[in-house]
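Chain by chain, the residues:
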Amino acid sequence: MLYPIMSESRQVISLNGVWNFKLDENQNLDGVGFTEKWYEKKLENTMNIVVPASFNDLHEGKEYRDHVGWVWYETEISVHKNLLEERLMLRLDAATHTAKVYINGKFATEHKGGFVPFEVQVNDFINVGKNRITVAINNVLDWTTIPAGGYKDITLPDGKVIKIPSGMPDFFNYAGLQRSVRLYTTPKEYIKDIEIVSQIDGTINYNIRTEGKGDISVEALDESGKFVAKGSGANSSIKVDNPILWQPCEGYMYTLKVAFGSDVYEEPFGIRTVEVKDGKFLINNKPFYFKGFGKHEDAPVSGRGLNEAMYLKDFSLMKWINANSFRTSHYPYSEELMRLADKEGIVVIDECAAVGVHMSFGFSLIGGGEKINTWEKIQTMPQHKQAIEELVARDKNHPCVVMWSLSNESATEDEGAKEYHQELFNLARKLDPQKRPITIVTHMMSMPSNCQIADIVDVLCLNRYYGWYVQSGELWQVEAALKSEMDGWSKRCPNKPIIFTEYGADTVAGFHDSTPVMFSEEYQVEYYKANHAVLEKYPTFIGEQPWNFADFATSQGIFRVQGNKKGVFTRDRKPKLVAHYFKERWSKIPNFDYKK
Ligand code: BDP
């Protein structure tokens, strides 16, 4: 799906700003707004809300912040007649997690999946003059959604049964219109999609899909806007002489300017290749070492909402600490963030929103709850496939994306995991024109002895907490336990690269101790040192991404102190002691050829 841009043939109109907002009945998963048809007229008794942002932290009170169920957004716009002479699209970059859109009281579209864009042509809905757009959004996750999560029924003293979340992923369930809402125009005959695949000799293969009849011509421009190559036809190739490659930390970007009839679109691209070969992760044919983080889209006030200043700040801190990469744990991040990562040369493992696809995580971890074979019960497959299709459709041209992650910590230790994930793997491989490597990130109970998916993936991405959730406070025990696992992988998958995509220790900034004890800043440093002492010895260990870049909001629980505190930075982006340790460590690890 093309990102909305302005060009000589296209207009973009932002609908961001202050909207009207109303909560539907809390914990009534059906919502009364539909039976009472709130969308038919202007919403009553509304509060102000800002788009884009998560709604949760913008007003006070538990009923508001922890609302479960439907919420209603509404805006009124006035439209000039010229707009309706073109093909007019309404695009919502993210509505988390399920949305129904009404225009002037009429149902226009709906979408399930809260982290990717969707759009609808609105020429038949919009009038010249005043119009009302109403969006109903539901934040409920269950065993059919991606992310997945559970609910349990609670009976109140008055006999009323309500549902409360149970077994949600470990990040606050921020929701709402978290990214931009826009109208944009195209000519009636238009460019639908562009696929770009580059080789490092400067060959650019492209594939352009269009609607209508007309000739297609393309021009490649360098970063200064200078013309460097041209071609024609829908499916062809051009050659850029002496190409400047897209490299980690040096994100050189070209532009493919496509003309079709009266439509013109400009798609940014980089020239680079990625491949996994002989136990190495090659970028431009050179062995790359991942230094970076698992992240979240998370900030005070805006929550998971679009926050471009924070994106730039985070990338600046990543450069300061000598990092080169991150994983979009645990859902696709905004298009603006991905475009910035392209320009900044930050390498991205792009994860679809499949987190929580495990129906007895507690049981597997500590023997708590009931043992359920996830793959016999869970119904996420249709949504999971859609999530992969939408992710690849959106992000396929980004040079920053070097690998797809199909899920985080699903029940990969259970029988059936291989069949479930093989289908998804095949789908992603088929859809991606660049045929990037693919991974499935596993948790600590998915070991060399029982992991069902290790043979499918191109890279073993492991989330491991030696010295935290196991060997808690006993760092001297880390060596033996971690070594035993790593030796297990060396035996089972001798030539498969391994990345630690999560490892970390909760650390409350300002807690210090002369003897490093858990939660102190000193313990966090010692924790990483103990892990690195083992990991460094393995030639196929090709990347370290501590969990997490920054402290982040979670739901409440006895394991969380106002959120997850495993950040290397605090939530307001101040370095903890460990940040200085990583800055020093990573200054000595080059992007390329660290592991020969
Ligand atoms: C892993 C999850 C991550 C959590 C982390 C933790 O992938 O989302 O936040 O553990 O416990 O299991 O900090």
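Residues numbered from 1 in each chain as written. Predicted model: local features only at pLDDT ≥ 70, side-chain atom pairs only at ≥ 80, totals over all residues. Heavy atoms only, no water.

K.L.:
I keep staring at the pairing of strand β18 (residues 254–260) and nothing clicks. Help me out?
P.N.:
For a regular strand, the rule is simple: side chains alternate between the two faces of the sheet. Within β18, 5 of the 7 residues are buried, which leaves it mostly tucked inside the rest of the structure. Relative to β18, strand β15 (residues 216–221) runs antiparallel, the two being bridged by 6 bridges. Counted as the bridge partner of V218 is V258 from β18. With 7 bridges connecting them, β18 and strand β19 (residues 263–269) associate as antiparallel partners. Paired with Y254 across the bridge in β19 is F269. (Buried < 20%, exposed > 50% of the residue type's maximum accessible area, 1.4 Å probe, protein only. Helix = DSSP H or I, 4+ residues; strand = E, 2+ residues; numbered from the N terminus. Pairing = 2+ DSSP bridges.)

K.L.:
Can you help me understand the site of the ligand in this one?
P.N.:
Close to the ligand lie 13 residues; D170, H330, E409, Y469 and K566 are nearest. Separating an oxygen atom of the ligand from a side-chain N or O atom of H330 is a distance of 2.7 Å. In the model, an oxygen atom of the ligand is placed 2.5 Å from a nitrogen or oxygen of the K566 side chain. Along the lines of polarity and charge, the residues of the shell around the ligand split into 4 nonpolar, 4 polar and 5 charged. (Near = heavy atom within 4 Å. Polar contact = N/O pair within 3.5 Å; in protein donor to acceptor, adjacent residues only side chain to side chain. Nonpolar A, V, L, I, M, F, W, Y, C, P; charged D, E, K, R; others polar.)

K.L.:
Would you explain the domain arrangement of the protein in this entry?
P.N.:
When the parts of a complex come together, some accessible area is lost, and that lost area is often used as the size of the interface. The assigned domain composition of the protein is domain 1 (12–186), domain 2 (190–272) and domain 3 (275–587). Each of domain 2 and domain 3 has a C-alpha centre, and the two are 32 Å apart. At the interface, 20 residues of domain 2 touch 25 residues of domain 3. In total, about 1,700 Å² of surface goes out of reach between domain 2 and domain 3, with carbon and sulfur atoms giving 54% of it. Among the residues of domain 2 in contact with domain 3, W246, C249 and R272 are the three that bury the most area, contributing 36% of the side total. A salt bridge links D193 to K396; the shortest N-O distance between them is 3.0 Å. Secondary-structure elements contributing two or more residues to the side of domain 2 that touches domain 3 are β13 (190–198) and β19. Counting residues per element, the side of domain 2 that touches domain 3 draws most heavily on β13, at 5 residues. Here the side of domain 2 that touches domain 3 is composed, by residue class, of 12 nonpolar, 3 polar and 5 charged. (Domains from an automatic or database assignment. Contact = heavy atoms within 4.5 Å. Buried area = accessible area lost by both parts, 1.4 Å probe. Salt bridge = Lys/Arg side-chain N within 4 Å of Asp/Glu carboxyl O.)

K.L.:
What is the right way to read the sheet that holds strand β7 (residues 106–112) from this model?
P.N.:
Note: strands within a sheet are paired through backbone hydrogen bonds, in either parallel or antiparallel orientation. If you trace the 6 strands from one edge of the open sheet to the other, you get β3-β2-β4-β9-β6-β7, paired in antiparallel fashion. Each edge of the open sheet is held by one strand with a lone partner, namely β3 (47–51) and β7. Neighbour to neighbour, the strand axes of the sheet diverge by 30° on average, direction disregarded. Looking at chain direction, strand β6 (residues 98–103) and strand β9 (residues 129–138) are connected through 6 bridges and run antiparallel. Each residue of the ladder has a partner; that of T98, found in β9, is N138. (Axes fitted to C-alpha atoms, helices over the stretch in contact; angles between N-to-C directions.)

K.L.:
Looking at this structure, how should I read helix α10 (residues 521–535)?
P.N.:
In an α-helix, one full turn covers 3.6 residues, which means residues spaced three or four apart are oriented alike. Compared with the 21 Å implied by 1.5 Å per residue over 15 residues, the 22 Å span of α10 between its first and last C-alpha is a close match. Across the 15 residues of α10, 11 count as buried, placing the element largely inside the fold. On its buried face, α10 is in contact with α9 (478–492), β29 (498–502), β30 (541–544) and α11 (577–587). (Expected span 1.5 Å × (residues − 1).)

K.L.:
So what exactly am I meant to see when it comes to unusual backbone geometry here?
P.N.:
Peptide bonds are mostly trans, and most non-glycine residues show a negative phi. Geometrically, the link from V51 to P52 is a cis peptide bond, its omega value of 0° lying close to zero. With respect to the secondary-structure elements, P52 resides in the loop between β3 and α2 (62–65). Even without a glycine there, the phi angle at D593 is positive, about 60°. When you line up the elements, D593 lands in the segment after α11.

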